[in-house]
Amino acid sequence: MTGVNVERELAELKAKVEATPGTGNKLTMVVFSGSLDRQLAAMIIATGAAAMGMEVVLFFTFWGTAALRDPRKHVNGKNVISKMFGVMLPKGKNALKLSQMHMAGMGTAMLKGLMKKKNVASLDQLFEVAAELAVKIYICEMSMDLMGFRKDEMIDYPNLEVCGVATMLVHARESSLQFFI
Amino acid sequence: MTGVNVERELAELKAKVEATPGTGNKLTMVVFSGSLDRQLAAMIIATGAAAMGMEVVLFFTFWGTAALRDPRKHVNGKNVISKMFGVMLPKGKNALKLSQMHMAGMGTAMLKGLMKKKNVASLDQLFEVAAELAVKIYICEMSMDLMGFRKDEMIDYPNLEVCGVATMLVHARESSLQFFI
Amino acid sequence: MTGVNVERELAELKAKVEATPGTGNKLTMVVFSGSLDRQLAAMIIATGAAAMGMEVVLFFTFWGTAALRDPRKHVNGKNVISKMFGVMLPKGKNALKLSQMHMAGMGTAMLKGLMKKKNVASLDQLFEVAAELAVKIYICEMSMDLMGFRKDEMIDYPNLEVCGVATMLVHARESSLQFFI
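What comes next concerns the included structure. (Residues numbered from 1 in each chain as written. Chains lettered and ligands numbered in written order. Predicted model: local features only at pLDDT ≥ 70, side-chain atom pairs only at ≥ 80, totals over all residues. Heavy atoms only, no water.)

1. So, the interface of chain A and chain B
Threshold: Whether two residues are in contact is decided by their heavy atoms: any pair within 4.5 Å suffices. Put simply, buried area is the surface a 1.4 Å probe can reach on two separate parts but cannot reach once they are joined, added for both. Whenever Lys or Arg places a side-chain nitrogen within 4 Å of a carboxyl oxygen from Asp or Glu, that contact is recorded as a salt bridge. N or O atoms within 3.5 Å of each other form a polar contact, as long as, within protein, one can give a hydrogen and the other can take it, and as long as residues adjacent in sequence are counted only when both atoms are side-chain atoms. Put simply, DSSP marks the helices as runs of H or I at least four residues long and the strands as runs of E at least two long, and each gets a number from the N terminus on. Charged residues are taken to be Asp, Glu, Lys and Arg, nonpolar residues to be Ala, Val, Leu, Ile, Met, Phe, Trp, Tyr, Cys and Pro, and polar residues to be all remaining types, Gly included.
Contacts between the two partners involve 38 residues from chain A, matched on the other side by 40 residues from chain B. For the pairing of chain A and chain B, the buried interface totals around 3400 Å² over both sides, and the portion due to carbon and sulfur atoms is 77%. Our enumeration of links across chain A and chain B arrives at three salt bridges. In this assembly, chain A and chain B are joined by six residue pairs in polar contact (both at pLDDT 80 or more). Among the elements of the structure, α1 (3-19), α3 (80-88), α6 (141-147), α7 (165-174) and β5 (175-180) of chain A are those that each provide at least two residues to the side of chain A that touches chain B. The biggest single contributor to the side of chain A that touches chain B is α7(A), with seven residues. Here the side of chain A that touches chain B is composed, by residue class, of 26 nonpolar, seven polar and five charged.

Take a look at the structure:
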């Protein structure tokens with residue numbers, strides 16, 4: 001093997017290592033659940049990873065999308081079914097319920113009280129930290145379409161984007177770390 | 001270092017990179033949940049990844065296995081407990097319920113109606129696409145045994161196989177992308 | 001390119017490959033759920049992976065932490081809210097319920113009976129196997145703090161440790177395989 005061959009082979013292997021799927025210093029999470037407990041887990045992991053210097057991408061889908069609605073924003077001209085979804089699903093992250101022990105609101109209120117007392121960041125604060133740490137948030141296009149949600153009723157968040165499953169998969173495949181929550 | 005050594009070391013490193021766990025262009029998903037919403041998410045991600053050229057392996061376990069039953073197939077000679085599971089769990093993918101907002105069938109029916117109207121693929125169609133894209137489906141042997149399900153009451157799907165957790169783990173470890181749904 | 005350069009570049013690439021995130025022969029799982037079915041899935045996957053020679057790290061958080069309590073251990077001096085959580089959450093892994101089909105205990109008892117009959121390992125036995133196979137268990141510090149759980153009311157398990165989300169993320173990023181359960 002001549003020096004030129006070695007050089008070329010080494011360069012090829014280097015490029016291959018760079019492009020290897022599943023090795024980026026990056027976390028991609030699918031946030032499927034709309035319960036307070038699982039959304040808290042997602043945002044604590046997301047902000048923790050971003051604080052450690054990882055690139056973080058969140059893809060909110062299905063029940064998770066309802067958490068991104070801004071309760072102060074109103075959208076007119078929705079059809080009946082979209083209005084039904086709008087009324088029945090929690091309007092934004094402060095209206096989420098625990099997946100268990102909700103107990104007509106008592107358990108959820110108790111947890112929120114405890115979090116405040118113990119100085120654990122609220123979901124609102126975690127979204128603020130996420131924005132500061134450049135955590136990227138995507139919302140699933142198909143879910144928005146099914147539930148009749150529109151981008152202009154979603155929270156103000158830097159570079160919030162609507163995308164399809166392929167975009168999520170491209171990010172996830174590059175990431176060394178992925179969770180479905 | 002002589003040229004021969006370099007050549008050998010380079011070859012060794014190449015082999016190592018090829019065999020590195022977690023880097024295959026491959027997605028492995030454990031489909032644990034038997035709810036309509038989570039099964040839809042699993043199949044949308046699976047078909048999306050397969051369409052992007054990824055190898056896709058699904059491992060249906062626990063509540064997820066009930067979705068793979070074919071309601072047209074009947075199996076005789078089951079014991080009492082297997083019959084109870086058979087009756088109580090949804091018989092196939094068209095009998096799945098939403099994990100929330102099922103509302104005695106109204107919410108589930110509403111979502112299915114919306115999906116049709118918006119031209120979103122149904123679970124039936126997603127399984128057809130998955131079969132065309134060579135998505136591999138395994139069913140968990142232990143779950144089948146516990147719930148008294150038999151392979152001959154499962155859907156017709158190309159190369160449907162029953163396997164244990166070790167087979168799933170071998171696939172998952174090779175994959176750059178894994179989800180537990 | 002001289003031989004010295006090749007040698008250096010090869011060494012650098014080797015080191016890079018060694019340190020690539022997401023490629024360790026290692027499984028990290030976040031055990032968030034406190035239901036019997038999901039905890040069984042987590043422990044079956046954990047012991048299966050450990051038996052295959054993978055390093056396995058479990059991070060019990062939120063509802064999952066309640067499963068690690070030892071019902072024989074009593075802790076005095078808790079405040080009212082901690083006592084409430086203590087009473088309302090299942091006291092240890094033998095008090096866990098199925099996430100569905102619990103049916104006032106009948107479904108859960110039926111599954112446990114079936115598992116015994118079919119010689120499927122119980123949760124107790126799976127924890128014993130996990131300990132033998134050196135599966136590492138961490139408990140989430142924030143969850144313990146919120147729910148008022150103390151380390152001295154947790155099960156006896158080799159090297160059981162309390163840690164924060166960052167420790168979990170460091171393990172998860174090194175792992176070729178990760179699940180959120």
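2. Describing the sheet that holds strand β2 (residues 55-60) of chain A
Residues and elements named next belong to chain A. Quick reminder of the rule: What makes two strands pair is DSSP finding at least two bridges between them. Fitting a line to C-alpha atoms yields each axis, with helices limited to the stretch in contact; the angle taken between N-to-C directions then spans 0 to 180 degrees.
One open sheet holds the five strands; their spatial order is β4-β3-β2-β1-β5, and the pairing between them is parallel. Lying at the two open borders of the sheet, with one neighbouring strand each, are β4 (161-163) and β5. Adjacent strand axes in the sheet meet at a mean angle of 25° when their direction is disregarded. Judged from the six bridges that link them, strand β1 (residues 24-31) and β2 form a sheet pairing that is parallel. Bridge pairing links Val-31 to Phe-60 in β2.

3. Focus: the layout of surface pockets
Applicable threshold: Here a cavity denotes grid points, spaced 1 Å and computed from the protein atoms alone, that fit a 1.4 Å probe unable to get out, and a pocket denotes an open set having protein on both sides within 12 Å along at least 5 of 7 lines; residues with an atom within 4 Å of a point are the lining. Grid points are joined across faces, edges and corners, and a volume is the space filled by probe spheres set on the points.
A volume near 1400 Å³ is recorded for the largest pocket. A breakdown of the residues in the lining of the largest pocket according to their chemical character gives 23 nonpolar, 15 polar and seven charged.

4. Looking at the packing of aromatic side chains
The condition that has to hold: Pairing of aromatic rings covers Phe, Tyr and the six-membered ring of Trp, with a centre-to-centre limit of 6.5 Å; geometry is then stacked below 30 degrees between planes, edge-to-face above 60, and tilted otherwise. When a residue's accessible area, from a 1.4 Å probe over protein chains only, is under 20% of the maximum for its type it is buried; when over 50% it is exposed; and in between it is partly exposed. Placement of a charge over a ring requires the Lys NZ or Arg CZ to be within 6 Å of the ring centre, with the centre-to-atom vector within 35 degrees of the ring normal.
Applying the stated criterion across every chain yields a total of 18 aromatic pairs over all chains. Ring geometry for Phe60(C) versus Phe127(C): centroids 6.2 Å apart, planes at 40°, classification tilted. Of the two residues, Phe60(C) sits in strand β2 (residues 55-60) while Phe127(C) sits in helix α5 (residues 123-132), which places them 67 residues apart along the sequence. For the residue pair Phe60(C) and Phe127(C), the accessibility class agrees, reading buried in each case. For the ring pair Phe62(C) and Trp63(C), a centre distance of 5.1 Å and an interplane angle of 70° mean the geometry is edge-to-face. Of the residues examined, Phe62(C) reaches a relative accessible area of 9% and is grouped as buried. For Trp63(C), a relative accessible area of 4% puts it in the buried group. Every member of this aromatic cluster is reached through a ring pair, and the members are Phe32(A), Phe62(A), Trp63(A), Phe180(A) and Phe179(B). The cationic tip of Lys136(B) hangs over the ring face of Tyr138(B); the distance from NZ or CZ to the ring centre is 4.9 Å. One residue, Lys93(C), lies across the ring of Phe127(C), its end atom 5.1 Å from the ring centre.

5. Comments concerning empty space enclosed by the protein
The tally for this structure, following the rule as stated, stands at one cavity of 30 Å³ or more. A volume near 70 Å³ is recorded for the largest cavity. Val17(A), Thr20(A), Thr23(A), Val17(B), Thr20(B), Thr23(B), Val17(C), Thr20(C) and Thr23(C) together form the lining of the largest cavity.

6. Some details on the relation of the copies chain B and chain C
We apply this condition: We superpose the copies by least squares over the C-alpha atoms of residues that have a pLDDT of at least 70 in both of them.
For the pair chain B and chain C, the superposition axis carries a translation of 0.0 Å, the fit reaches an RMSD of 0.0 Å, and the rotation angle comes to 120°. Taken together, the turn and the small shift mark the pair as related by a three-fold rotation axis.

7. Re the side chain of Thr65(B)
All names here are of chain B. With respect to the secondary-structure elements, Thr-65 resides in the loop between β2 (55-60) and α3 (80-88). Looking at Thr-65, the relative accessible area reads 0%, which means it is buried. In this structure the side chain of Thr-65 is engaged in a polar contact, spanning 2.6 Å, whose partner is the backbone oxygen of Phe-62. If we skip the residues at most four places from it in the chain, Thr-65 touches Phe-60, Ile-139, Ser-143, Met-147, Phe-149 and Met-154.

8. Details of α3(B)
Residues lying three or four places apart along an α-helix face the same way, a consequence of the helix completing one turn every 3.6 residues. Cut-off, in case you're wondering: Each C-beta atom gives one direction from the helix axis, and the arc is the one those directions make.
Buried residues of α3(B): Ser82(B), Phe85(B) and Gly86(B), and no others. Viewed end-on, α3(B) has its buried residues packed into an arc of 100°, placing them on one side of the element. In α3(B), the exposed positions angled more than 90 degrees off the buried face are occupied by Val80(B), Lys83(B) and Val87(B). Close packing links the buried residues of α3(B) with α6 (141-147) of chain B together with α4 (106-117) of chain C.

9. Brief notes about the pattern of salt bridges
Here the structure, examined in full by the defined rule, presents 31 salt bridges over all chains. A salt bridge links Glu174(B) to Lys26(B), with the shortest nitrogen-to-oxygen separation between them at 2.7 Å. Linking Glu174(B) in helix α7 (residues 165-174) with Lys26(B) in strand β1 (residues 24-31), this pair joins segments that are 148 residues apart in sequence. For the salt bridge of Lys136(B) with Glu161(B), the shortest nitrogen-to-oxygen distance reads 2.5 Å. With a gap of 25 residues between them, Lys136(B) in strand β3 (residues 136-140) and Glu161(B) in strand β4 (residues 161-163) connect regions that are remote in the sequence. Its relative accessible area of 18% is what places Lys136(B) among the buried residues. Overall, the relative accessible area of 37% leaves Glu161(B) in the partly exposed class. Here the residues in one salt-bridge network are Lys26(A), Glu55(A) and Glu174(A), joined through shared partners.

10. Examining the side chain of Lys136(C)
One polar contact links Lys136(C) to Glu161(C), side chain to side chain, over a distance of 2.6 Å. Beyond its immediate sequence surroundings of up to four residues, Lys136(C) is in contact with Val56(C), Val57(C), Leu58(C), Asn159(C) and Glu161(C).

11. Looking at the interface of chain B and chain C
It is common to give the size of an interface as the accessible area that goes away when the parts come together. Contacts between chain B and chain C engage 38 residues on the former and 39 residues on the latter. Surface buried jointly by chain B and chain C totals about 3400 Å² across both partners, of which 77% is contributed by carbon and sulfur atoms. Remark: the boundary between chain B and chain C carries three salt bridges. Where chain B touches chain C, the interface holds six residue pairs in polar contact (both at pLDDT 80 or more). Broken down by element, the residue count for the side of chain B that touches chain C peaks at seven residues, all from α7(B). Here the residues of the side of chain B that touches chain C sort into 26 nonpolar, seven polar and five charged.

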